[in-house]
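Secondary and tertiary structure notes
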Amino acid sequence: MDVKRVAIIGGGVSGLALAYRLEPAARAGQIEVHLFEAKDRLGGVIQTDREHGAVLEGGPDSMLRRKPEAAELCRALGLGPHLIGGNPEVHGAYIYHRQRLHPIPEGVVAGVPTDLGELWKSGLISVAGKLRASMDLVLPRFRISGDMGLGKLLASRFGQEVVDVLAQPMLSGIYAGQAYELSTAGTFPQLLEMASESRSLILGYRRLRATTQAKGVSESPFLTLDVGMSALIEALTAALTAGLVHIAMPVAGIEKMREGRPWRLHFAHGPSLTADCVALATPAYVSADLLQPIALAASRLLESIEYANLAVAASVYDPLDIPMTLDRTGFLVPRGEGLAMTACTWSQSKWGTKAAGGVPLRVFFGRAGGEDVSAWDDAQLTQVMAREMRLTMGIDKPPRYLRIFRWPRSMPQYSVGHPERMWQLRQALLAAPGIFAAGSFFQGVGIPDCVRQANQTADAVAKFLRVPLEER
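Let me sum up the structure you'll find in this document. Just so you know, these numbers come straight off a predicted model, no measurement behind them.

Moving on, we get to the side chain of His-102. On the secondary structure map, His-102 appears in strand E8 (residues 100–103). Since its relative accessible area comes to 5%, His-102 is described here as buried. A distance of 3.1 Å separates a polar side-chain atom of His-102 from the backbone oxygen of His-97. Those residues in contact with His-102, other than ones at most four positions away along the chain, are Ala-93, Tyr-94, Ile-95, His-97, Gly-123 and Leu-124.

With that settled, consider the nonpolar core. Within the largest apolar cluster, 47 residues are counted, with the highest numbers of intra-cluster contacts made by Ile-8, Val-13, Leu-22, Leu-225 and Leu-232. When residues in this core are grouped by element, the largest group, 9 residues, is from helix H1 (residues 13–27). Residue contacts for Leu-22: discarding those within four places in its chain leaves Val-6, Ile-8, Ile-31, Val-33, Ala-458, Val-461 and Leu-469.

With that out of the way, let us pick up the side chain of Thr-274. With respect to the helices and strands, the residue Thr-274 is situated in strand E15 (residues 273–275). Overall, Thr-274 belongs to the buried group, its relative accessible area being 18%. Ignoring sequence-local partners within four residues, the contact set of Thr-274 consists of Arg-5, Arg-261, Trp-263 and Arg-264.

Turning our eyes to something else, we now look at the packing of H1 against helix H16 (residues 447–465). Here H1 crosses H16 at 45°, and the two axes come no closer than 8 Å. Here H1 lies oblique to H16, going by the angle between them. The way H1 lies across H16 gives a crossing that is right-handed. On H16, the residues touching Val-13, Ser-14, Ala-17, Leu-18, Arg-21 and Leu-22 of H1 are Ile-447, Cys-450, Val-451, Ala-454, Asn-455, Thr-457, Ala-458, Asp-459 and Val-461. The class makeup of the residues in the contact of H1 with H16 is 10 nonpolar, 3 polar and 2 charged.

To continue, consider the environment of Thr-392. Here Thr-392 shows up in helix H14 (residues 378–393). Judged by relative accessible area, Thr-392 falls into the buried class, the value being 8%. For the pair Thr-392 and Phe-331, spaced 61 residues apart in sequence, the C-alpha separation works out to 9.2 Å. With sequence-adjacent residues up to four places away left out, Thr-392 is seen in contact with Tyr-96, Leu-101, Phe-331, Leu-339 and Met-341. Side-chain polar atoms of Thr-392 contact the backbone oxygen of Glu-388, separated by 2.7 Å.

With that settled, the discussion passes to the pairing of strand E14 (residues 263–267). Of the two faces of E14, the one holding Trp-263, Leu-265 and Phe-267 is buried and the one holding Arg-264 and His-266 is not buried anywhere. Note that strand E13 (residues 251–256) and E14 share 5 bridges and pair antiparallel. From the neighbouring strand, Val-251 faces E14, where its bridge partner is Phe-267. Where E13 folds back onto E14 in an antiparallel hairpin, the turn is made up of 6 residues, including Gly-260, whose phi is positive at roughly 75°. Summarising the sheet, E14 and E15 pair through 3 bridges and their orientation is antiparallel.

Next up on the list: empty space enclosed by the protein. One pass over the structure, following the stated rule, counts 1 cavity of 30 Å³ or more. Contributions of two or more residues to the lining of the largest cavity are made by H1 and strand E2 (31–36). Of the residues contributing to the lining of the largest cavity, the split by class is 7 nonpolar, 2 polar and 1 charged.

Reading across from one edge, E5-E11-E6 is the order of the 3 strands in this open sheet, with antiparallel pairing throughout. The sheet is open, and its two borders are formed by strand E5 (63–64) and strand E6 (83–85), each paired with just one other strand. For E6 and strand E11 (residues 222–225), the ladder comprises 3 bridges, and the chain directions are antiparallel. What sits directly across from Ile-84, in E11, is Thr-224.

In this structure the tally under the stated criterion is 9 aromatic pairs. Ring plane angle 45° and centroid distance 4.8 Å describe the contact between Phe-36 and Phe-267, whose orientation is recorded as tilted. Residue Phe-36 is located in strand E2, and its partner Phe-267 is located in strand E14; the two are separated by 231 residues in the primary sequence. With respect to class, Phe-36 is no different from Phe-267; both count as buried. Between Tyr-175 and Phe-188, the ring centres sit 6.4 Å apart and the planes meet at 80°, which makes this aromatic pair edge-to-face. Of this pair, Tyr-175 sits in helix H6 (residues 160–175) while Phe-188 is found in the loop between helix H7 (184–187) and helix H8 (189–197), placing the two residues 13 residues apart along the sequence. Of the two residues, Tyr-175 and Phe-188, neither departs from the other in class, the shared state being buried. Three or more aromatic residues joined by ring pairs form one cluster here, namely Tyr-94, Phe-331 and Trp-346.

This next bit is on the state of the cysteines. What makes a disulfide is a covalent bond joining the sulfur atoms belonging to two cysteines. Taken as a whole, this structure holds 0 disulfides when the rule is applied. Its sulfur unpaired, Cys-74 is 13 Å from the next cysteine sulfur, which belongs to Cys-450. Among the residues examined, Cys-74 registers a relative accessible area of 0% and is labelled buried.

With that out of the way, let us pick up the pattern of salt bridges. Per the stated rule, a full pass over the model turns up 16 salt bridges. Two residues, Glu-388 and Arg-387, come together in a salt bridge whose shortest N-O distance is 3.8 Å. Classification of Arg-387 by relative accessible area gives partly exposed; the value is 39%. One network of salt bridges, in which partners are shared, links Asp-61, Lys-350 and Arg-362.

Cut-offs used in this document
Residues numbered from 1 in each chain as written. Predicted model: local features only at pLDDT ≥ 70, side-chain atom pairs only at ≥ 80, totals over all residues. Heavy atoms only, no water. Helix = DSSP H or I, 4+ residues; strand = E, 2+ residues; numbered from the N terminus. Buried < 20%, exposed > 50% of the residue type's maximum accessible area, 1.4 Å probe, protein only. Polar contact = N/O pair within 3.5 Å; in protein donor to acceptor, adjacent residues only side chain to side chain. Contact = heavy atoms within 4.5 Å. Core = buried A, V, L, I, M, F, W, Y, C linked by side-chain atoms within 4.5 Å. Axes fitted to C-alpha atoms, helices over the stretch in contact; angles between N-to-C directions. Parallel < 35°, antiparallel > 145°, perpendicular 65-115°, else oblique. Left-handed = near helix turned anticlockwise from the far one by under 90°. Nonpolar A, V, L, I, M, F, W, Y, C, P; charged D, E, K, R; others polar. Pairing = 2+ DSSP bridges. 1 Å grid on protein atoms, 1.4 Å probe; cavity = no way out; pocket = protein on both sides within 12 Å on 5 of 7 lines; lining within 4 Å. Points joined across faces, edges and corners; volume = space filled by probe spheres on them. Phe/Tyr/Trp six-rings, centres within 6.5 Å; stacked < 30°, edge-to-face > 60°. Disulfide = S-S within 2.5 Å. Salt bridge = Lys/Arg side-chain N within 4 Å of Asp/Glu carboxyl O.

So, in structure tokens, the structure goes:
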């Protein structure tokens, strides 16, 4: 029997989940799957430090419960007992504004202040800003044609102050982007639908909330692994055929062949490899370079996607050195506050877990359009962090343990028109049969989004090769 060969480029969660989905067919001898990762480790931006008696995430620390793909994958890999939800005793976060921490008003969803009563109680927004936000209830319906900037949509209903002080830091915590440039259709498509169907976004969300409450949905919206998100990467790796996962093996180019297998992969070192199918699970700019000789239109579309540079300072503090009660999940920092940090997560409060080494805190740096914080050296980042932890939390002692994770060009930006460009990308890839693409730049930046896209790509690969896949 002719065994088809699949080459997966990229060993982040997208590439690994794709390989895992194809693994039963590989073990049955129907296909041969090779995965290539340029770096000396797998996992992409998922990286956990467990060295100091605490679980410290260098990248994402959670997955949305309402998107079940990642949790289902964890259970299939035997990690179900390690899935936990958020701490039921701690709700909400703070925003650092005008040199103090303000609780985020209850009822804020995707930057929409759905509970005006709570907004009026808050000291976060000025009286003028609250009056402007309340006008959403009386303004005429906002006519929308196609995609638009999320910040523009929110400002049209609630005013600029609500966007800049409330919505922008919340959205930046997810996308590290600028609200006015974020694609509403690509990030919160339900807002476009709600704006079209409801005279008021507040009233639209109230109806949605009533429906949700009627269904009895009250669980934490987030899940994590109590042993760290790297456990997902480790379990995926262990489930794949040994010897066919290649790390520290960057692909230098892809060549279209005239006979035999249609694609040849060239490596920075070592012999080339031919394949019947190539699945790109790399950042958009890496995929763009690889596709440039074989699918120019697709390459240019991928090249147009911008990325933000990020850094995470994961630390463990002596409990006695923290002069405030960690009664929420952390805080966010809007642009214009004079700080380099964008957020701080109080991990122990967020998840209700205890750490033997002390109190774990994660500080985030970097946003689209800002300075490249990933290029700062340890001394600079440590100095900036020390100053800003003193200003925001009153901490004037260094942490017991600190590890800095740098993520250059790590967060894809979903700018206005993103869904249309991704549709064009799919069409452009049709010019190179057997070439597929997946990743956080496509249809969602979260771990569940990446797993869903990986599953869809694996199904497309199997269909192209006419290989049946087992249900997993």
